[in-house]
Amino acid sequence: MSQLVEQIRHVCALGALQSVLAIERAVPVLHAGPGCGQKLWGALGLDNGCQGSGYVGGHSVPSTNITEKEVIFGGDKKLRETIENALKVIDADLFVVLTGCTSDIVGDDVGEVVREFQDAGKPVVYAETGGFKGTNIYGHELVLEAIIDQYLKPSEEIEPGLVNIWSVVPFQDAFWTGNLKELEKLVSEIGLKPNVIFGPGRGLQALNKVPKAQFNLLVSPWVGVKNVQSLEEKFGTPYLHYPVLPIGPTETGKFLRTVGEYAGLDSKRIEEVINRHENEYFYYIERSADVLLETRLLPRRFITVADSFYTLGVSKFLINDMGLLPETQFITDDVSPEHQEKIEEEFKNFIDGISSEVVFTNDGGLAQETIRNIKFRGRPLILGSAWERVLAEDINGYQLSISMPLSDRLVLNRSYVGYEGALRLVEDIYSLVLQDFQ
Amino acid sequence: MGYIDEKVVPKREERLKACNAFGGKACQLIEGSRGGCLVNKNRSFSQTCNCQMGLALAMVLTIPEAVTIMHGPIGCGSSSHNMDSYFRPGQSIRGGKPKALLWVSTNLEEQDIIGGGESKLEEAIIKADQNHRPAAIIVVSSCAPGIIGDDIDELTSRLQKRISARIIPIHCEGFKTKISATAYDAVYHGIARSLELELKSEAPGGLVSNGLDQVKKEYIKSKTVNVLNVFSMGRTDELEIERLLKALGLEVNFYPNFAHPDKFRFLIEAALNISVCPTHDDYFVEILKERYGIPYVLNNMPIGIRNTEDWLLDIAKELNLESEAKTLIEKEKKELEVELELYRSILKGKRVLVSGGEIRVAVTAMLLQELGCEVVGIRAYHYDQFGDDIYLKAVSGNPDLEINVATTQVFELVNMLKKVKPDLFVGHSGSNVWAAKLGIPALPLFSQPQNYVGYRGVFEVAKRAARIIKNTAFQRTFSENVTLPFKEDWYGKSPFTYITEK
């Protein structure tokens, strides 16, 4: 979407450096200007749920820090030197070279430089992620493509029950570690062996297992479709695409049944798992129901201004489980046009014939302008980013940041996925409302 | 100087022979700087640091009633949402009505890189003017439009004719300079070329002005000074500066951060321009001296006992207030001494390494020495002639002190820390976590809500340093449980192994 953008909700393709950092002991090597890494880390990391440097992020990311000299004379030499020395200085298992605008405009032959290292048996891959080429979500897919093409090797055997899980975009989603862990837990409870490459304690060991999987499970409205297709092409691994981030009993139950059926699992066991979780979930809901039902100022209508993961997942939960009504939902992760129709379909498919209007825009300015023109009868609930704080004050709404940028929250391992995640979301939303009375 | 007539200000490597890569003894650094042979250093391995666009944004985003347009792909300036939490409290603490930060990205994509980005910039400027009716529109230009050759000056001067807001083009393409402090010149250059710096209302035949009015005006002007504020000093520091200058009978106006675009018309109604950081303001104060004959002081930063004193005396000398200043200094120092006693006993002999902005690290090192600490290393983001005198003072008695000139470069920092093993690290934001991974407690070199400047700042820094040293449990357990991302044999090498001559 090539229009002006006010109030960003994603960054440029080079922001995929954070996806590399999400793989334990993998390190990005930037062939970019001196300030690119810092800004993108600030946007997706430090000021997005306080996800700071970690092991080798922030200011420790190797970078050629391109100057006028490389722009004029080319940066191949500088890149070669930087990779060579990064291999000497940095203690990591995989080096992912990422280019920025300067290098992509000038036309450095990065592939050629990286191949020299690959030929020498060094764990180096590359992706051309010049900022003008797209978003960090697009960049995230490029990084995975690079790893699939240049790093992963076909496996002779398939491990039955092994499932690779692909879902939210690390760092872009501040709750990614918690969310992936929850998906992993649910999938393992129904009797499969989940394999997730992002997050603590996984790293290359998990990555190397990817070609061995029985199938790939993509839990995402659209991000990653390209990658599971590539995995199918290269390794013959089939995939299941589940488009909704499952939050709450209705959607999580549906999710577990779909996965179980696809994997050919015994439905009795799946129903047992669902039943156990629902009992626990409703134990808490039963206790809080007095307040949830009787506090007169609770919001009835909600708006999401978020990534497609959350607009869809949260809408499903709030409508199908919590009984709220939707206003317009704004999808801000620059969904490519070929996926928009399918996502829109999902918003017509709630219980009791309820549907919600959807707007695809990555321009926060437009989203806020539209919201300001809506006439609300009560206080709306706005699930968006920190950008919505001022807006919410102006229109007297309740605001909770769930989507980038989350500069107003510290996020550690909180998850909004599954049964547990739904309880967290209920806690967060209704605590906000209760605090407002105090 | 003549640079003001150019569209783009020269980079500091050229204008000031500034250097961003050095490792060695203090005496070599200063000698090298004075002999002009520090330039052209480089690195054969480097880590991501910052670019001049980031520093430019830290200045311009504070300006109220302005819309900033980031001309580039969407990642440039993307972390600016963190400025919102700096901008809004900054506004309200200065008495303004806090509004949300306004900025727009031209979101350049592949077709714009091929076809040029000027039409999108034009659209953005017109839209910003129509939708927000700002006093100023600040156009910040990034690498991509710089390489493809968008002519933002031609465009903005053409548009200015039909736009009510003042348009300020700022050239701060990241790849253009290794010295990100060039940003300060780039912003001041834009301000000086685009904003009105004088009040043009008193035309002949206008308001009747009698002799008494004129005398009054001259008197007020003689007692008014401009202080050029910086991003790293918050309102608490400004209040300390104001307190000290008011004690000398002076009225203080702060520019450029948080100053309304229209306020700049009163800029020349002052007897003196005062810098709080020599490497921040030299370009601008020189323009103001050349154009309007306003003198300036630019030697020092009011951090630490001695430097605050020198800074105050510099100002007093220009305004014939020396005896007042001396009385004030004596009184302040006497009060401070009593309060410092407790902290001196805690901090005595503590070994400290300081890392961050060129001048700030040197004056902070001196402050820590005044508290009884031993400075065992200094790291500066860059180095130029403005450092020479201050560094000479800071390392007097220890010309062999190890100095590293590096913009961030965590691998050099960690290597130094491993060897030097200080008791306390005082670092720029983004670096303190790396010291903590080695178990070393860290005091941030700056933090806007807190006080570092003036006599009050000395007390506050002493108090905070003592508190940080008192319980290092976090750093200890942290260092026992995390690993650093560098290979073991890196620590066996000199931290300056990858600094090259060319």
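Residues numbered from 1 in each chain as written. Chains lettered and ligands numbered in written order. Predicted model: local features only at pLDDT ≥ 70, side-chain atom pairs only at ≥ 80, totals over all residues. Heavy atoms only, no water.

## Examining the interface of chain A and chain B
Then comes step 1: With 61 residues of chain A at the contact, the number on the chain B side is 67 residues.
Then comes step 2: Interface area for chain A against chain B, summed over the two sides, is near 5,200 Å², with a carbon-plus-sulfur share of 61%.
Then comes step 3: A per-residue breakdown of the area chain A buries against chain B is headed by L4, K39 and H59 of chain A, which together make up 15% of the total.
Then comes step 4: Taken together, chain A and chain B are joined by one salt bridge.
Then comes step 5: E68 of chain A is the partner of K11 of chain B in a salt bridge, and the nearest nitrogen-oxygen pair spans 2.9 Å.
Then comes step 6: Between the two partners, chain A and chain B, sit 23 residue pairs in polar contact (both at pLDDT 80 or more).
Then comes step 7: Only β1 (5-6), α2 (36-46), α3 (68-73), α4 (76-89) and α5 (101-106) of chain A provide two or more residues apiece to the side of chain A that touches chain B.
Then comes step 8: Considering every element that reaches the side of chain A that touches chain B, the biggest residue donor is α4 of chain A, with eight residues.
Then comes step 9: Classifying every residue of the side of chain A that touches chain B gives 27 nonpolar, 24 polar and ten charged. (Contact = heavy atoms within 4.5 Å. Buried area = accessible area lost by both parts, 1.4 Å probe. Salt bridge = Lys/Arg side-chain N within 4 Å of Asp/Glu carboxyl O. Polar contact = N/O pair within 3.5 Å; in protein donor to acceptor, adjacent residues only side chain to side chain. Helix = DSSP H or I, 4+ residues; strand = E, 2+ residues; numbered from the N terminus. Nonpolar A, V, L, I, M, F, W, Y, C, P; charged D, E, K, R; others polar.)

## Remarks on a nonpolar patch on the surface
Then comes step 1: Nonpolar side chains collect at one region of the surface, where V291, L434 and F437 of chain A lie side by side and expose about 240 Å² of accessible area between them.
Then comes step 2: You can see F437 of chain A is positioned in helix α17 (residues 418-437). (Patch = residues over 30% accessible without salt bridge, like charges linked within 9 Å, V, L, I, M, F, W, Y side chains within 5 Å. Areas by Shrake-Rupley, 256 points an atom, 1.4 Å probe, with all protein chains shown as cover.)

## Regarding the pattern of salt bridges
All names here are of chain B.
Then comes step 1: The tally for this structure, following the rule as stated, stands at 51 salt bridges over all chains.
Then comes step 2: As a salt-bridge pair, R34 and D389 come within 2.9 Å of each other at their nearest N and O atoms. Pair noted here: R34 is in helix α2 (residues 26-35) and D389 is in helix α16 (residues 387-394), with a separation of 355 residues, a long-range link. Of the two residues examined, R34 and D389, each falls in the exposed class.
Then comes step 3: Close ionic contact of K41 with E501 constitutes a salt bridge, the shortest N to O distance being 3.2 Å. Taken as a pair, K41 in the loop between α2 and β2 (42-43) and E501 in the segment after β16 (499-500) lie far apart in primary sequence, 460 residues in all.
Then comes step 4: Of the residues examined, K41 reaches a relative accessible area of 16% and is grouped as buried.
Then comes step 5: Connected via shared salt-bridge partners are R12, R15, D185 and D282. (Buried < 20%, exposed > 50% of the residue type's maximum accessible area, 1.4 Å probe, protein only.)

## Some words on the pairing of strand β13 (residues 402-405) of chain B
All names here are of chain B.
Then comes step 1: For strand β1 (residues 22-25) and β13, the ladder comprises four bridges, and the chain directions are antiparallel. Looking at β13, one finds that K25 is bridged to E402.
Then comes step 2: Sheet topology places strand β12 (residues 374-380) next to β13; three bridges connect them, and they run parallel. Its bridge partner lying in β13, A380 is registered against V405.
Then comes step 3: Each parallel crossover has a hand, and for β12 linked through α16 to β13 it is right-handed. (Pairing = 2+ DSSP bridges. Right-handed = clockwise from strand over helix to strand, strands pointing away.)

## Some thoughts on the sheet that holds strand β9 (residues 272-275) of chain B
Residues and elements named next belong to chain B.
Then comes step 1: Spatial strand order, β8-β7-β9-β10: four strands in an open sheet with parallel pairing. A strand with exactly one partner marks an edge of an open sheet, and here the two such strands are β8 (251-255) and β10 (296-297).
Then comes step 2: Strand direction decides the pairing type here: β9 and β10, joined by two bridges, are parallel. Paired with N273 across the bridge in β10 is Y296.
Then comes step 3: Seen against the sheet, helix α11 (residues 235-246) touches β7 (224-228), β8 and β9 and runs at an angle of roughly 150° to β8.
Then comes step 4: Packed on one face of the sheet, helix α12 (residues 278-292) meets β7, β9 and β10 and runs near 165° to β9. (Axes fitted to C-alpha atoms, helices over the stretch in contact; angles between N-to-C directions.)

## Regarding the domain arrangement of chain B
Where interface size is quoted, it is often the accessible area lost as the parts come together.
Residues and elements named next belong to chain B.
Then comes step 1: When the domains of chain B are assigned, the result is domain 1 (52-171), domain 2 (211-321) and domain 3 (325-500).
Then comes step 2: Once you take the C-alpha centre of each, domain 1 and domain 2 turn out to be 28 Å apart.
Then comes step 3: Each partner contributes residues to the interface: domain 1 has 15 residues there, and domain 2 has eleven residues.
Then comes step 4: Carbon and sulfur atoms make up 70% of the area that domain 1 and domain 2 hide from each other, which totals about 1,300 Å².
Then comes step 5: Its largest share of buried area at the contact with domain 2, domain 1 owes to M59, Y86 and R94, together 45% of the area lost on that side.
Then comes step 6: Across the domain 1-domain 2 interface, the total number found is one salt bridge.
Then comes step 7: For the salt bridge of E238 with R94, the shortest nitrogen-to-oxygen distance reads 3.1 Å.
Then comes step 8: Viewed at the interface, domain 2 and domain 1 are joined by three residue pairs in polar contact (both at pLDDT 80 or more).
Then comes step 9: Sorting the residues of the side of domain 1 that touches domain 2 by element identifies α3 (52-60) and α4 (81-93) as the ones contributing at least two each.
Then comes step 10: Take the side of domain 1 that touches domain 2: its biggest share by element is six residues, from α4. (Domains from an automatic or database assignment.)

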